[in-house]
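Geometric and topological summary
Single-letter residue listing:
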Amino acid sequence: MAEPVKVLIIGSGPAGYTAAIYAARAGLKPVLYTGPQPGGQLTTTNDVENFPGYPDGINGTAMMVDLQKQAERFGTEIHFSVVTGVDFSKYPLKVTIDEKDEVLAESVIISTGATAKYLGLPSEQHYYNKGVSACAVCDGYFYRGKEVAVVGAGDSAAEEATYLAKLCTKVHLIVRREEMRASKIMQNRVLNTPNIEVHWNTETEEILGDDNGVHSIRVVNNKTGEKKTIALQGFFLAIGHKPNTDIFKDYIEMDETGYIKTLPGCTKTNVEGVFAVGDAADKIYRQAITAAGTGCMGALDAEKFLAAKEAMAVAH
Ligand code: NDP
């Protein structure tokens, strides 16, 4: 097997590419595996208007192409393939690519991100980015002065509904049970916001629209069977995310929902030499800028780890 790579980065969202830029500029010759969705979640957004440095906003895919070029400019080796398995029980760390090739690494930065959950309606995919979104903070601004719905009843849904209530004329919160899972304080905030209407015991049957995008949703009360159509322009999913961390579960400590646990104030995981950055380790903020920030931290932590290992090898 070839020499271990110094820094192997798994994932190509803002976290992975930022880690690559920093590691490459530190002379660590990072090797990055993009994963199944090169560019990550941002490639599914239209305009990114909240990433500092782009006063006119930027298309999500264009931004990720820029990040890729910046990582390549400093010598990152990028592979458009998928890491399908790992063996972190021994050192150097072993990573399997596309279920066949094995690569050894002195350090690994996990930046595999998370995937928003969807209801599974065909109309949801059809109107994706034409009224349907899974991120209020990213896309809410495009619906200012309009009427929208948020589906979900957890802290995310409560937070997104109150966020949107400041921008939109009215927010319909679609809750499938007769209670919310969100913390009491978040629930109270929702219930005390005059332009949020909570629809209890309600499920979305269909998202309706035309060439201009979404114009309404049809919902059903799962207790009474009563159906109604709500006119609106935006439909936001807030029914949770799934971190893309399944392949690490035999080695890396995670919380009960699969988010990787890192040591406070840094990106170290329970396995020496393995660092976790971006949404795979963040269920709270989930923003491109926070992912990029932790990507930088991951590269600096890996650099420090490799330097300490080298210093030890010299001392022996
Ligand atoms: P959660 O898993 O907590 O909640 C998901 C919600 O979506 C639940 O209310 C669930 O309903 C509902 N849901 C799931 N599937 C469907 C469906 N098919 N149709 C309709 N509704 C559905 O996810 P969150 O993203 O809200 O939160 C994840 C974690 O992050 C939590 O630990 C949360 O506390 C935390 N968080 C904290 C924040 C903060 O502190 N500021 C902000 C955001 C998140 P049901 O209740 O019926 O199962």
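Quick caveat: nothing in here was measured; it's all calculated off a predicted structure. (Residues numbered from 1 in each chain as written. Predicted model: local features only at pLDDT ≥ 70, side-chain atom pairs only at ≥ 80, totals over all residues. Heavy atoms only, no water.)

1. With respect to the nonpolar core
Grouped together as the largest cluster of nonpolar side chains are 29 residues, with contacts concentrated most on V7, I9, Y17 and I109. When contributions to this core are tallied by element, the ones reaching two or more residues are β1 (5-10), α1 (14-25), α2 (60-73) and α7 (288-315). Look past the residues within four positions of V7 in its chain and what remains in contact with it is A23, L28, K29, P30, V31, S107, I109 and L306. (Core = buried A, V, L, I, M, F, W, Y, C linked by side-chain atoms within 4.5 Å. Buried < 20%, exposed > 50% of the residue type's maximum accessible area, 1.4 Å probe, protein only. Helix = DSSP H or I, 4+ residues; strand = E, 2+ residues; numbered from the N terminus. Contact = heavy atoms within 4.5 Å.)

2. A short note on the environment of I185
If you trace the backbone, I185 turns up in helix α6 (residues 184-191). Residues I185 and D155, 30 residues apart in the sequence, show an inter-C-alpha distance of 9.6 Å.

3. As for the site of the ligand
What surrounds the ligand is a group of 16 residues, the closest being D155, S156, R176, R177 and R181. Here a nitrogen atom of the ligand sits 2.9 Å away from a polar atom, N or O, in the side chain of E159. Starting from 900 Å² of accessible surface for the ligand in isolation, the protein chains cover 73%. Take the shell around the ligand: its biggest share by element is three residues, from helix α5 (residues 155-167). (Near = heavy atom within 4 Å. Polar contact = N/O pair within 3.5 Å; in protein donor to acceptor, adjacent residues only side chain to side chain. Areas by Shrake-Rupley, 256 points an atom, 1.4 Å probe, with all protein chains shown as cover.)

4. Side note on the pairing of strand β12 (residues 170-174)
Look at any regular strand and the pattern is simple: side chains alternate between the two faces of the sheet. Burial analysis of β12 places four of its five residues in the buried class, the great majority of the element. In the sheet, strand β11 (residues 147-151) pairs with β12 via five bridges, with the strands oriented parallel. Bridge assignment links V148 to a residue of β12, and that residue is V171. Traced from β11 through α5 to β12, the parallel crossover comes out right-handed. (Pairing = 2+ DSSP bridges. Right-handed = clockwise from strand over helix to strand, strands pointing away.)

5. Comments concerning the pattern of salt bridges
A pair can form between side chains of opposite charge whenever their charged atoms are brought close. Inspection of the entire model under this criterion finds eleven salt bridges. Ionic pairing is found between E106 and K6, a salt bridge with its closest N-O pair at 3.7 Å. Within this pair, whereas E106 is found in strand β8 (residues 101-110), its partner K6 is found in strand β1, the two being separated by 100 residues in sequence. Judged by its relative accessible area of 16%, E106 is buried. Notably, a salt bridge pairs D246 with K242, separated by 3.1 Å at the nearest N-O pair. Assessed through its relative accessible area of 38%, K242 is described here as partly exposed. Here the salt bridges do not stand alone but share partners, grouping K6, E106 and K309 into one network. (Salt bridge = Lys/Arg side-chain N within 4 Å of Asp/Glu carboxyl O.)

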